[in-house]
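# Per-entry structural report
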Amino acid sequence: LLFVSWALAIGMLAWAFIRREGERPAQAGSAPASESLKTLVAVVYGLQLAGFLVAFTPIVGVVLNYVKRAEARGTWLESHFTWQIRTFWFGALWAVALWLIVIFTLGIGLVIVWLPLLILGVWFAYRVLRGWLALNEKRPMYVAS
């Protein structure tokens, strides 16, 4: 089931990239962000937090980020899209690396990996909550390029 969901997510991301190629990004300094984009960002933060209970919801969130990212260009919400995408990919990278340790050590690695997984969960929750608070204050996230 995990492999099927990852294959589906990768397929959806590829579709989003292909679809996005045809879109024109908004000019810098253009109209302010719409309420629907702000709502979408809030929904994605919720999907990321729901990932603690249902593993595939962050995948749905990152797909939404890639599909709607072009609409946020030039608005204060663009930084939230970047923040959410980076949160997903860095979290996924570390989670996969830690679980590979468990698999290749035939479960013995679980003794070693539980603390890093806990730290990863706290880091992920921190990133989501920090972004959500900034969104509610209508502030952009400051991310390095």
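Before going into details, it helps to say that this report is about the structure given with it. (Residues numbered from 1 in each chain as written. Predicted model: local features only at pLDDT ≥ 70, side-chain atom pairs only at ≥ 80, totals over all residues. Heavy atoms only, no water.)

## Digging into the overall build of the protein
Quick note on the threshold: Runs of H or I in DSSP of at least four residues are treated as helices and runs of E of at least two as strands, each being numbered from the N terminus. Here the term buried applies to any residue with accessible area under 20% of the maximum for its type, exposed to any over 50%, and partly exposed to those in between, with areas from a 1.4 Å probe on protein chains only. Note on areas: these come from Shrake-Rupley sampling with a 1.4 Å probe, and a residue is covered only by the protein chains present in the view.
Secondary structure assignment for the protein yields five helices and zero strands. The linear arrangement of helices and strands in the protein, starting from the amino end, is α-α-α-α-α. Taking all 145 residues of the protein together, the buried fraction comes to 35%. Working note: accessible area of the protein is about 9000 Å², and carbon and sulfur atoms make up 74% of it.

## Examining the side chain of Lys-38
Note the threshold: When charges are counted, Lys and Arg contribute as positive and Asp and Glu as negative, whereas His and the chain ends are disregarded. Salt-bridge detection follows one rule: a side-chain nitrogen of Lys or Arg within 4 Å of a carboxyl oxygen of Asp or Glu. Contact criterion: two residues are considered in contact whenever any of their non-hydrogen atoms come within 4.5 Å of each other.
Position of Lys-38 among the secondary structure elements: in helix α2 (residues 35–50). Buried within the structure, Lys-38 lacks any salt-bridge partner; its nearest side chain of opposite charge belongs to Glu-35, at an N-O separation of 4.8 Å. Not counting the four nearest positions on each side in its chain, Lys-38 is found in contact with Trp-76, Leu-77, Leu-135 and Lys-138.

## What about the packing of α2 against helix α3 (residues 57–72)?
This is how it is decided: Interaxial angles span 0 to 180 degrees and are taken between N-to-C directions of axes, which are lines fitted to C-alpha atoms, for helices over the stretch in contact. Any angle that is under 35 degrees is reported as roughly parallel, and any over 145 degrees as roughly antiparallel; angles of 65 to 115 degrees are reported as roughly perpendicular and all others as oblique. Should the near helix be turned anticlockwise from the far one by less than a right angle, the crossing is left-handed, and should it be turned clockwise, the crossing is right-handed. In this classification, the charged set is Asp, Glu, Lys and Arg, the nonpolar set is Ala, Val, Leu, Ile, Met, Phe, Trp, Tyr, Cys and Pro, and all remaining amino acids, among them Gly, are polar.
Across the interface, α2 lies against α3 with an axial gap of 8 Å and an inter-helix angle of 160°. One way to sum up the angle between α2 and α3 is to call them roughly antiparallel. Crossing handedness for the pair α2 and α3: left-handed. Each of Leu-37, Leu-40, Val-44, Leu-47, Gln-48 and Ala-50 in α2 lies in contact with α3, whose residues at this interface are Thr-57, Pro-58, Val-60, Gly-61, Leu-64, Asn-65, Lys-68, Glu-71 and Ala-72. For the contact of α2 with α3, a count of residues per class yields nine nonpolar, four polar and two charged.

## Looking at α2
In plain terms, the rule: Expected helix span is taken as 1.5 Å per residue step, with the number of steps being one fewer than the number of residues.
Over its 16 residues, α2 runs 22 Å from end to end, which matches the ideal 22 Å to within 8%, given 1.5 Å per residue. Three or more residues of α2 are buried, namely Leu-37, Lys-38, Leu-40, Val-41, Val-44, Tyr-45, Leu-47 and Gln-48.

## As for the pattern of salt bridges
According to the stated counting rule, one finds three salt bridges in the structure shown. The residue Arg-73 makes a salt bridge to Glu-78 at a minimum N-O spacing of 4.0 Å. The class for Arg-73 is partly exposed, based on a relative accessible area of 24%. We note a salt bridge from Glu-137 to Arg-139, for which the minimum N-O separation is 2.6 Å.

## A short note on a nonpolar patch on the surface
For the record, the criterion: Put simply, a patch holds well-exposed residues, over 30% relative accessible area, that have no salt bridge, with like charges counted together within 9 Å and Val, Leu, Ile, Met, Phe, Trp or Tyr side chains within 5 Å.
A grouping of Phe-52, Leu-53, Val-54, Phe-56 and Val-60 is seen on the molecular surface, where their side chains present a nonpolar patch of about 510 Å² in accessible area. Mapped onto the fold, Leu-53 is located in the loop between α2 and α3.

## Describing the packing of aromatic side chains
Here is the rule: Stacked, edge-to-face and tilted labels apply to pairs of Phe, Tyr and Trp rings (six-membered ring for Trp) whose centres lie within 6.5 Å, assigned for plane angles under 30 degrees, over 60, and everything in between, in that order. Criterion for a charge above a ring: Lys NZ or Arg CZ within 6 Å of the ring centre, and within 35 degrees of the ring normal.
Applying the stated criterion across every chain yields a total of three aromatic pairs. Relative to Phe-124, the ring of Phe-52 has its centre 6.1 Å away and its plane inclined at 80°; by these criteria the two rings are edge-to-face. Here the residue Phe-52 occupies a position in the loop between α2 and α3, and Phe-124 occupies one in helix α5 (residues 109–136), the gap between them amounting to 72 residues. If you follow Arg-127 out to its NZ or CZ, it ends over the ring of Trp-83, 3.6 Å from the centre.

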